[in-house]
Amino acid sequence: MSNYTRIDEYDTAKVNAIAEHVRAILTLLGEDPEREGLQKTPQRVAKSRLFVTQGYEQDPIAIINSAKFKEEYQQMIVVKDIELYSMCEHHLLPFVGKAHVAYIPKGYITGLSKIARVVQAFARRLQVQERLTVQIRDCIQEALQPLGVAVLIEAAHTCMQMRGVESQNSITTTSAFTGAFLSQSKTRDEFLQAIK
Ligand SMILES: [Zn+2]
């Protein structure tokens, strides 16, 4: 489920300003920013950082409202294995994984692709996994007012892996629930079973 839209136009003044700082960092790291392999690196880093933080310019509630339909369906809707790429706000290194989202509608549903876009809009910011999980939950709860929302994220944090803080294969799992999913209920079990 990859519908990541590309940014093809960047604010040149912003790119140049960030690039200048990246060049300074390269020098401080003992590198020669003028050597061939690094000449375009500051510009590339600037653009890539703007790309992976474009979520600041997106309104996740508006994403859902752009495809919100009246519907009497009242069973659990599960969108699993949503690709997730985010940036740890403590180290500015990526954390990568999957998000699983479920909700039980109460009068309104949204397009399945919108759920994935909401995940991306929040993931493309500087994040901690815990807050990302809660923000996705709260957005869907606010926009659709369903009987309940469940969000579970499994991610590997390169800031831990690369620094050897935890074993290479360690996965962090976070979850957040509302309404019908809140207690250790059959509903929650059904969700956890569905995403296995
Ligand atoms: Zn980190």
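Throughout what follows, the structure given in this document is the object of discussion.

Calculation criteria
- Counting of residues starts from 1 at the beginning of each chain's written sequence and follows it residue by residue.
- For this predicted model, a pLDDT threshold of at least 70 governs which residues receive local features, and a threshold of 80 or more governs which side-chain atom pairs are given and counted, while totals over whole chains, interfaces and linings are taken from all residues.
- Side-chain figures throughout are based on the complete set of non-hydrogen atoms in the structure, without hydrogens or water.
- Going along the chain from the N terminus, every DSSP run of H or I of four or more residues is numbered as a helix, and every run of E of two or more is numbered as a strand.
- Buried, partly exposed and exposed residues are distinguished by accessible area as a fraction of the type maximum, computed with a 1.4 Å probe on protein chains only: under 20%, between the cut-offs, and over 50%, respectively.
- Should any heavy atoms of two residues lie within 4.5 Å, those residues are counted as being in contact.
- Charged residues are defined narrowly, with Lys and Arg counted positive, Asp and Glu counted negative, and His plus the chain ends left uncounted.
- Where a charge lies is defined by one atom per residue type: Lys uses NZ, Arg uses CZ, Asp uses CG and Glu uses CD.
- By convention, a stacked pair of Phe, Tyr or Trp rings (six-membered ring in the case of Trp) has centres within 6.5 Å and planes under 30 degrees apart, an edge-to-face pair has planes over 60 apart, and any other such pair is tilted.
- Every axis corresponds to a line fitted to the C-alpha atoms, with the helix fit spanning only the stretch in contact, and the corresponding angles, defined between N-to-C directions, vary from 0 to 180 degrees.
- Each angle receives one of four descriptions, namely roughly parallel if under 35 degrees, roughly antiparallel if over 145, roughly perpendicular if within 65 to 115, and oblique otherwise.
- In this scheme, a crossing is called left-handed if the near helix is turned counterclockwise away from the far one by less than a right angle; it is called right-handed if the turn is clockwise.
- For this scheme, ten residues count as nonpolar: Ala, Val, Leu, Ile, Met, Phe, Trp, Tyr, Cys and Pro. Four count as charged, namely Asp, Glu, Lys and Arg, and the remainder, Gly too, count as polar.
- Strand pairing is assigned whenever DSSP identifies at least 2 bridges connecting the two strands.
- The rule for donors is simple: N, O or S, within 2.8 Å of the metal, or within 3.2 Å if the metal is Na, K or Ca. Water isn't counted, so a site may look like it is missing partners.
- Think of a nonpolar core as a cluster: buried Ala, Val, Leu, Ile, Met, Phe, Trp, Tyr and Cys residues, connected wherever their side-chain atoms sit within 4.5 Å.

Observations concerning the overall build of the protein chain
- When helices and strands are counted, the protein chain shows seven helices and seven strands.
- Reading the helices (α) and strands (β) of the protein chain from amino to carboxyl end gives α-α-α-β-β-β-β-α-β-α-β-α-β-α.
- Projected onto the principal axes, the alpha-carbon positions of the protein chain cover approximately 60 × 40 × 20 Å.
- Within the protein chain, the fraction of its 196 residues that count as buried is 43%.
- Long-range contacts, defined as pairs at least 24 residues apart, comprise 72% of the intrachain contacts of the protein chain with a sequence gap of at least 6.
- Placing the 23 positive and 22 negative side-chain charges of the protein chain at their respective mean positions leaves the two points 3 Å apart.

Focus on the packing of aromatic side chains
- One pass over the structure, following the stated rule, counts two aromatic pairs.
- Aromatic pair Phe177 and Phe191: ring centres 6.4 Å apart, planes at 85 degrees, arrangement edge-to-face. Placement of the pair is Phe177 in strand S7 (residues 172-177) and Phe191 in helix H7 (residues 186-194), with a sequence separation of 14 residues. There is no split in this pair, since Phe177 and Phe191 are both buried.
- Where Phe181 meets Phe191, the ring centres are 6.0 Å apart and the plane angle is 75 degrees; that geometry is what we call edge-to-face.

Here we look at the packing of helix H4 (residues 112-123) against helix H5 (residues 129-144)
- Between H4 and H5, the shortest axis-to-axis distance is 10 Å and the interhelical angle comes to 135 degrees. With respect to H5, the element H4 is oriented oblique. Crossing of H4 against H5: the hand is right-handed. Counting all contacts with H4, which are made through Ile115, Val118, Val119, Phe122 and Ala123, the residues of H5 involved are Leu132, Gln135, Ile136, Cys139 and Ile140.
- Grouping the amino acids of the contact of H4 with H5 by side-chain chemistry returns nine nonpolar, one polar and no charged.

Some points on the pairing of strand S2 (residues 77-88)
- Where S2 and strand S3 (residues 94-104) come together, nine bridges link them in antiparallel fashion. Considered in S3, the bridge of Val79 is made with Val101.
- Linking S2 back to S3 in an antiparallel pair, the connection comprises five residues, with Leu92 at a positive phi of about 55 degrees.
- Of the strand pairs in this sheet, S2 and strand S5 (residues 126-127) are connected by two bridges, and their pairing is parallel. From the neighbouring strand, Cys88 faces S5, where its bridge partner is Gln127.

Re the coordination of the zinc ion
- The coordination sphere of the zinc ion contains the protein donors Cys88 (SG), His91 (ND1) and Cys159 (SG), at a distance range of 2.1 to 2.3 Å.
- The sequence motif formed by the donor residues of the zinc ion is C-x2-H-x67-C.
- A relative accessible area of 5% places Cys88 in the buried class.
- In this structure His91 comes out as partly exposed when scored by relative accessible area, which is 35%.

Some points on the nonpolar core
- Within the largest apolar cluster, 31 residues are counted, with the highest numbers of intra-cluster contacts made by Ile136 and Ile140.
- Contributing elements (two or more residues each) for this core: helix H3 (60-65), S2, S3, H4, H5, strand S6 (148-157) and helix H6 (158-162).
- If you tally residues by element for this core, the top one is H4, at seven residues.
- Not counting chain neighbours up to four residues away, the residues in contact with Ile140 comprise Ile64, Val101, Tyr103, Ile115, Gln145, Pro146 and Val149.

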